[in-house]
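So the chains spell out like this:
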Amino acid sequence: MLELRGITKTYPGVTALDAVSLDFSKGEVHAIAGENGAGKSTLIKILSGAIVPDAGIVRLDGLELGRVTPREAIRLGISTIYQEFNLVPSLSVAENIFFGLEPMRRGFVDKKRMHRMASRLCEDMGVELDTHARIKDLGVAYQQIVEILKAVSRDARILIMDEPTAPLTTKEIDVLFEIVDKVREKSVTIIYISHRLEEIFRICDRVSVLRDGRNVATKDISETNQQELVSFMVGRKLDEIYPSRNSSPGEEVLRVEGFRNGKLKGLSFGLRRGEILGIGGLVGAGRTELARALFGADPLVEGRILFLGRPIEIKKPQDAIRQGIGLLPEDRKQQGILLGMSIKENISFPILKDLSRLGFLRKKREKALCGELSGALNVKTPSLDQKVKNLSGGNQQKVVLAKWLGTKCDILIFDEPTRGIDVGAKQEIYSLLTKFADEGKSVIMISSEMPELIGMSDRILVMRNGSIAGVLEKDEFSQERTLMLASGISEGGEAFDGSR
Amino acid sequence: MAADSFARRLLGKYGIILVLVVLCVLFGALSPVFFSTENIINIFRQVAVVGIVAVGMTFVILTGGIDLSVGSIIGIASVFTAQLMLGGMSAFWAVLLTLAICSLFGLLNGVIVNQLFIPPLVATLATMTALRGIAFIISGGLPVFGFSNTISALGQGYLWLIPIPVIIMALTFAAGFLSLNSTRFGRYVYGVGGNEEATRLSGISVKRIKFSVYTISGFLSGLAGVVLLSRINSGQPKAGQGYEMDVITAVVIGGVSISGGEGNIVLVIAGVLIMGVLSNGMILLNIDEYVQWVVKGFVLVAAVGFDRVSQRRKLSA
């Protein structure tokens, strides 16, 4: 139904898409897989009319489309759901669904009819949702569902979803997939962009893999497997993604005692030298809050920190940094990096004091040091003066890591180290972390990805509702046990929920 | 293609300088005196006060803030220095004391923003009103004059051919440039405006940076007030009224992003000069003052619009 022929797009210095040809048929869920920088985002932007390709043809139902503008794309029934939603937080579900196309009566919005139409739509799609609820009171999952309803109400024929499951919990993903199935039944073509291979195999009919701007393969899901997709994506076989290591953690360097604040309910644990301590749990269990409290980013009501047995005060990030602790936050763009600044300026940011004399920067030294760090971490860039916003997620993450390595810290708190990062960069981050721990330093790694948690950690601490649900030693690691602890299911299979 | 995108980039980055050149050529063609040495010196002297304040405003806006109180601080500086000198204090000490007081008023803005969590627009709107009141109270609502005229050398003197206020402005810009481009502090100023939370999590005291920029803005407004006083040799409680708008206009025309984190102080000089050239040129052409206001408003939209459009082009190209 939708055909792309020889789509090419070049940016100064990079070919984002190189003569890509793809076919999407009616009513299929078609996955686009590929590493960051493979050209997936460029492809979405071309389809949604945000950018114009240098060459190539787009055909819809055999008709050649000229220059597609965003308005034109919507008129043709192409809807895109980006990672950042296009909803008005203060308006209700119904008002958002019919935004700009409200049913009118005598010049005023016919609210009754609007809510009736919205309810019917929800019913039709098997969604339970109060159409009067305001968007800002809904969770991310339901906000996304509203986006989908909005697209469906506008008779979308093609629905593009960009990493839809990234912010969702396992349960929410199930709900989303049910709706995706319903949408497919309406003969809507869904273009599904995701890093998560398991999901592609769960709901997609076909998959196309992009690599370096080229379409390297299009396969029916039944004819391929994860290993093969990964090898298409990276262009090589990927046997072992997690580096093997013989860890022998040393003495306890850090001890957390009775941490308590709005989200944390009194938790204690220790961290050993040379250890990678994984922290698992469901979204909202308080993992990020723990990281922020330990780093002094959020205040504690109660609790203390011992460093090599001595109590220390961490009231603000400066204190943590002085003790040799670094934090790589979960929300990289909002908290980790300065998007408008260069790679060099980002890396040197926390250590400018050491790189200046009487307040004046020693720019040669700065350049040399940052060059060394970014080289050691293999940041792919033509120049250190490149702005960070122009880098891929993986390279951005490496810049944040380089920044903390530059502070010569001994303890890294890494919140979701590989979120939004492609397979190749993931592997590099893993081996950097392993190397860091092998040097006798320690890592606290928060992760929602079970294989990552099990593959990387020496010990896993599972959190639930702001406290520690259990600690797993290496020989006890399993996805099932971690999940059971995280969701509060006892070994016997019965559910108990401590706090509520 | 490469040359085309290069030209476009240059235009996107330095388009404001082009606007300045076009304006000069236009006024030069319409008025024979525009390019005379005397008139050029005149333009520089006229923009000196706004220029000095614009440096402080650049720091504040780069952190994502704004300072509406600059005009009122100019007024306070004007009458306070005059009163001190009228009371028999030497010009030197009067100026020093005034600068200290004005820096404290700047710091006060920082305190309100940092400790009371009031958005800068509201915080400095309040101090703008209150400080103007104080200026009137100090002077009893009347101009203050009759002090010894030793201070007039500051506003009316020359070093070779260059008026002293212009030299002060040049030094202020030089200090601002050095501070923003070559010091740790400058990097932090950009950091706070670019991403406050990331800056805080990098172990930098965001509050300290904000205290500093508002203090700098207060200090430079005080300096500008003293220059203004010495030029007219009389302390005016109304001095500097409405200057905040001229200053913000100049800084924004100079391409400093109003949301913070981006901007180049060199181009702010162009912004200041555009404002000065416009005023001067239109006066030379005998254009009605009210019409001048309309033109200035139009130029603000045109200059910033030009900048924005070329930025967007650059992005989608």
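Residues numbered from 1 in each chain as written. Chains lettered and ligands numbered in written order. Predicted model: local features only at pLDDT ≥ 70, side-chain atom pairs only at ≥ 80, totals over all residues.

### Here we look at the overall build of chain B
Looking only at helices and strands, chain B features 13 helices and two strands. Computed over the C-alpha atoms, the radius of gyration of chain B is 20 Å, within 12% of the 20 Å expected from 2.2 N^0.38 for a compact globule of 317 residues. Overall size of chain B, expressed as C-alpha extent along the three principal axes, is 70 × 60 × 35 Å. Sorting the 317 residues of chain B into buried and exposed places 50% on the buried side. Residue pairs in contact within chain B that sit at least 24 positions apart in sequence constitute 81% of those at least 6 positions apart. (Helix = DSSP H or I, 4+ residues; strand = E, 2+ residues; numbered from the N terminus. Rg over C-alpha atoms; globule rule 2.2 N^0.38 Å. Buried ≥ 20, exposed ≤ 12 C-beta atoms within 10 Å, placed from the backbone. Contact = placed C-beta atoms within 7 Å.)

### Structural notes on the packing of helix H4 (residues 91–115) of chain B against helix H10 (residues 206–232) of chain B
Residues and elements named next belong to chain B. Where H4 meets H10, the closest approach of the two axes is 7 Å, and the angle between their N-to-C directions is 145 degrees. Relative to H10, the crossing made by H4 is right-handed. Among the residues making up the contact of H4 with H10, the classes are represented as 12 nonpolar, 11 polar and two charged. (Axes fitted to C-alpha atoms, helices over the stretch in contact; angles between N-to-C directions. Left-handed = near helix turned anticlockwise from the far one by under 90°. Nonpolar A, V, L, I, M, F, W, Y, C, P; charged D, E, K, R; others polar.)

### Some thoughts on the nonpolar core
Among soluble globular proteins, nonpolar side chains are generally buried collectively. In terms of nonpolar packing, the biggest core is built from 154 residues, with B:Ile52 and B:Val53 touching the most fellow members. At 14 residues, helix H2 (residues 37–62) of chain B tops the list of elements feeding residues into this core. Ignoring sequence-local partners within four residues, the contact set of B:Val53 consists of B:Val70, B:Leu220, B:Ser221, B:Ala224, B:Tyr243 and B:Val247. Residues A:Ala38, A:Val93, A:Ala118 and A:Cys204 belong to the second largest nonpolar core, which totals 61 residues. (Core = buried A, V, L, I, M, F, W, Y, C linked by C-beta atoms within 7 Å.)

### With respect to the interface of chain B and chain A
With 20 residues of chain B at the contact, the number on the chain A side is 25 residues. Elements supplying a minimum of two residues to the side of chain B that touches chain A: helix H8 (184–194) and helix H9 (196–201) of chain B. Per-element accounting of the side of chain B that touches chain A gives the leading share, six residues, to H8(B). Of the residues contributing to the side of chain B that touches chain A, the split by class is four nonpolar, 11 polar and five charged.

### Side note on helix H11 (residues 243–253) of chain B
Residue and element names in this part refer to chain B. A large share of H11 lies buried, amounting to 10 of its 11 residues. Listed in full, the buried residues belonging to H11 are Tyr243, Glu244, Asp246, Val247, Ile248, Thr249, Ala250, Val251, Val252 and Ile253. After H11 finishes, the residue glycine 255 shows a positive phi value of roughly 85 degrees.

### Some words on the confidence of the model for chain A
Residue and element names in this part refer to chain A. Per-residue confidence for chain A gives a mean pLDDT of 86, with 95% of residues at or over 70. Within chain A, the element-level pLDDT minimum falls on helix H17 (residues 479–487), averaging 77, and the maximum on strand E22 (residues 442–446), averaging 94. Below a pLDDT of 50 lies the segment residues 491–500, which in the model reaches eight contacts outside its immediate sequence neighbourhood of four places, other chains included. (pLDDT = per-residue confidence, 0-100.)

### Examining the domain arrangement of chain A
Residues and elements named next belong to chain A. The domains assigned to chain A are domain 1 (2–234) and domain 2 (252–335 + 406–487). The centre of domain 1, based on its C-alpha atoms, is set 34 Å off from the matching centre of domain 2. Residue-level contacts link eight residues of domain 1 with eight residues of domain 2. Each residue belonging to the side of domain 1 that touches domain 2 can be placed in one class, and the counts come to four nonpolar, three polar and one charged. (Domains from an automatic or database assignment.)

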